[in-house]
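Chain by chain, the residues:
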Amino acid sequence: MTIKLSEKAQQQIQLYDDHIVGGFTPYPLPLTKALNAKVWDIDGNEYIDFISFFAVANMGHSHPKIVKASVDAIQNGALINTAFLSPSYGQLGATINKVLGYPKTVCMLSGADATDTAAKIARKWGYKKKNIPKDKAFILTTSACYHGITISTHSMASKKDESFGPYLPSVGPVSPSGIEVVFDDLESLEKALEKDHSTIAGFMVETIQGSAGIIDASEGYIKKAYELCQKYNVLFIADEVQTGLGRAGYPLMSVALGAKPDLVCLGKALGGAVAPISAVIGTNEVMSIVDGGDIGSTMAANPPATEAAIAALNVLVDEDICGQSLKKGKLLRELIMKEKILEIDHVSGSGVMAALAFKTDLTDDRFNGRRLAALCAENGLLVIPGGGGKRLRICPPATISEDELEKGVKILADCCRKLRSIEGAILGKY
């Protein structure tokens, strides 16, 4: 049954349009409640969540243990992390070391904060440890990467909006001598490192490219890229903001793929879908160069967020979120392929980080990810497009039930079959 929004919902949409700018162009669907793998809109309509709000709710929405930990900290009101020592922050660092195997942590608020911080640490390491000449330290990335959309992190990308120039120098997928490093292409990376290793402080890479549409690397790419960085004394920086903490089926996917990153960027699921927090975690050798005052933010590592993160990491282990992710991800792919949807070429990703890759010759103005996501929303399923409309990202919580997975895939399949026949706009605009 197609969901229709009430006048009250339309008023909220208008209020948003009148007063809010920016963001990630949300669909006009005012959501007010979420629990595990279900969400509800302002009218009480129920939806199955195949988004996890950009791969955040790995442990499900409103997990009671994570919510309680954060609420208890809020009620204590102890925002003491900036000028005085926070016991919760130290406990989070110890928990990260126990669960993920990295002895040093520095926290910020967002994923972009984390990748920016990692670049900053890598540059200082380049000057202090590698003896890169002043103002020459370079942070290398790859084509089609996404590490955030602040000025510094957007500078790392290959595609930039000229409206925001000039961008930060000495970062990005083109090396100092002009060699473009293409994601999943070891040859271009080796050429760049061989030519420019003396001034490259760090190489930052996603283990699966998320924003690009859940793009997989070839088998062995991450491990060999890490080995090249070791060979040329370049820090290997894994951006695990999306893939980490069970989303792709592992605590850290880079480690599962055979790398031992010098620095790892975490975000999204670190706060258990309850509080905003991100982190850069790293080895003693690299993190030892960080001094007081180098990295920080007023609200970074606030106790409600650090308590949520501690609880989330405990849930990750105690409830085998990684095992659930692999199991549900396998079932998700089996269910999708069983439907034999004409337009689907393959399903990419790992665990509950997946995307439908559409056949390019069957993707057009009538059938594309944007319209399909809108139609799915009208029918009670939340998904998001990717890859310029040629992909559909599917990232349910690892805690989703098998019944909810089956119902969600059925809705998806029905919408795929109906989409091309639908005239006019869906959700009023797509």
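What comes next concerns the included structure.

Let's talk about the overall build of the protein chain
Of the regular secondary structure elements, the protein chain holds 14 helices and 17 strands. Taking 2.2 N^0.38 as the reference for a compact globule, 430 residues should give roughly 22 Å; the C-alpha atoms of the protein chain span a radius of gyration of 22 Å, in line with that estimate. Dimensions of the protein chain along its principal axes, counting C-alpha atoms only, are 65 × 55 × 45 Å. Buried residues in the protein chain amount to 53% of all 430 residues. Distance from the positive charge centre (45 side chains) to the negative charge centre (48 side chains) of the protein chain: 2 Å.

Regarding the pairing of strand 17 (residues 391-394)
Judged by which residues are buried, strand 17 turns out to be covered on both faces: Arg391 and Arg393 on one side and Leu392 and Ile394 on the other are all buried. In this sheet, strand 17 lies alongside strand 14 (residues 353-358) in antiparallel orientation, the contact comprising four bridges. Considered in strand 17, the bridge of Ala354 is made with Ile394. Here strand 16 (residues 384-386) runs beside strand 17; their pairing, made up of three bridges, is antiparallel. Each residue of the ladder has a partner; that of Pro385, found in strand 17, is Leu392. From the end of strand 16 to the start of strand 17, which pair antiparallel, there are four residues, and Gly387 there has a positive phi angle of about 60°.

Brief notes about the sheet that holds strand 7 (residues 200-206)
Adjacent strands of a sheet form backbone hydrogen bonds with each other and so pair up, either parallel or antiparallel. Taken in spatial order, the seven strands make up an open sheet running 4-12-11-10-7-5-6, and their pairing is mixed. Looking at the sheet topology across the chains shown, the edges are occupied by strand 4 (104-108) and strand 6 (171-172). Here helix 4 (residues 87-100) sits on the sheet in contact with strand 4, strand 11 (263-266) and strand 12 (278-282), set at roughly 125° to strand 4. In this fold helix 8 (residues 221-231) packs onto strand 7 and strand 10 (235-239), with an angle of close to 175° to the strand it touches most, strand 7.

Digging into the side chain of Arg371
In this structure, Arg371 sits in helix 13 (residues 369-378). The buried charged residue Arg371 lacks any salt bridge, with Asp364 as its nearest oppositely charged partner at 7.0 Å. At 2.7 Å, the side chain of Arg371 and the backbone oxygen of Arg366 are in polar contact.

Observations concerning the pairing of strand 2 (residues 38-41)
Two strands pair when backbone bridges link them, and strand 1 (residues 31-35) and strand 2 are joined in this way by four bridges, in the antiparallel orientation. Of the residues in strand 2, the one forming a bridge with Leu31 is Asp41. Counted between consecutive antiparallel strands, the loop separating strand 1 from strand 2 contains two residues, among which Asn36 sits at a positive phi close to 50°. Sheet analysis places strand 2 next to strand 3 (residues 46-49), joined by three bridges and oriented antiparallel. When the bridges of strand 3 are listed, Val39 appears paired with Tyr47. Taking the residues that link successive antiparallel strands as the turn, the strand 2-strand 3 hairpin has four residues, and the phi of Gly44 there is positive, at about 90°.

Describing the sheet that holds strand 13 (residues 344-350)
In space, the four strands of this open sheet follow the order 13-14-17-16, with antiparallel pairing throughout. Of all the strands in the sheet, the pair left with one neighbour each is strand 13 and strand 16. Averaged over all pairs of adjacent strands, the angle between strand axes in this sheet comes to 30°, irrespective of strand direction. Bridge count between strand 13 and strand 14: six bridges; the pairing is antiparallel. Paired with Ser350 across the two strands is Met353, which belongs to strand 14. Seen against the sheet, helix 12 (residues 321-338) touches strand 13, strand 14 and strand 17 and runs at an angle of roughly 180° to strand 13.

Reading the values: rules and limits
- Residues numbered from 1 in each chain as written.
- Predicted model: local features only at pLDDT ≥ 70, side-chain atom pairs only at ≥ 80, totals over all residues.
- Heavy atoms only, no water.
- Helix = DSSP H or I, 4+ residues; strand = E, 2+ residues; numbered from the N terminus.
- Rg over C-alpha atoms; globule rule 2.2 N^0.38 Å.
- Buried < 20%, exposed > 50% of the residue type's maximum accessible area, 1.4 Å probe, protein only.
- Lys, Arg positive; Asp, Glu negative; His and termini not counted.
- Charge placed at Lys NZ, Arg CZ, Asp CG, Glu CD.
- Pairing = 2+ DSSP bridges.
- Contact = heavy atoms within 4.5 Å.
- Axes fitted to C-alpha atoms, helices over the stretch in contact; angles between N-to-C directions.
- Salt bridge = Lys/Arg side-chain N within 4 Å of Asp/Glu carboxyl O.
- Polar contact = N/O pair within 3.5 Å; in protein donor to acceptor, adjacent residues only side chain to side chain.

Everything listed is a geometric property; what it means functionally is a separate question.
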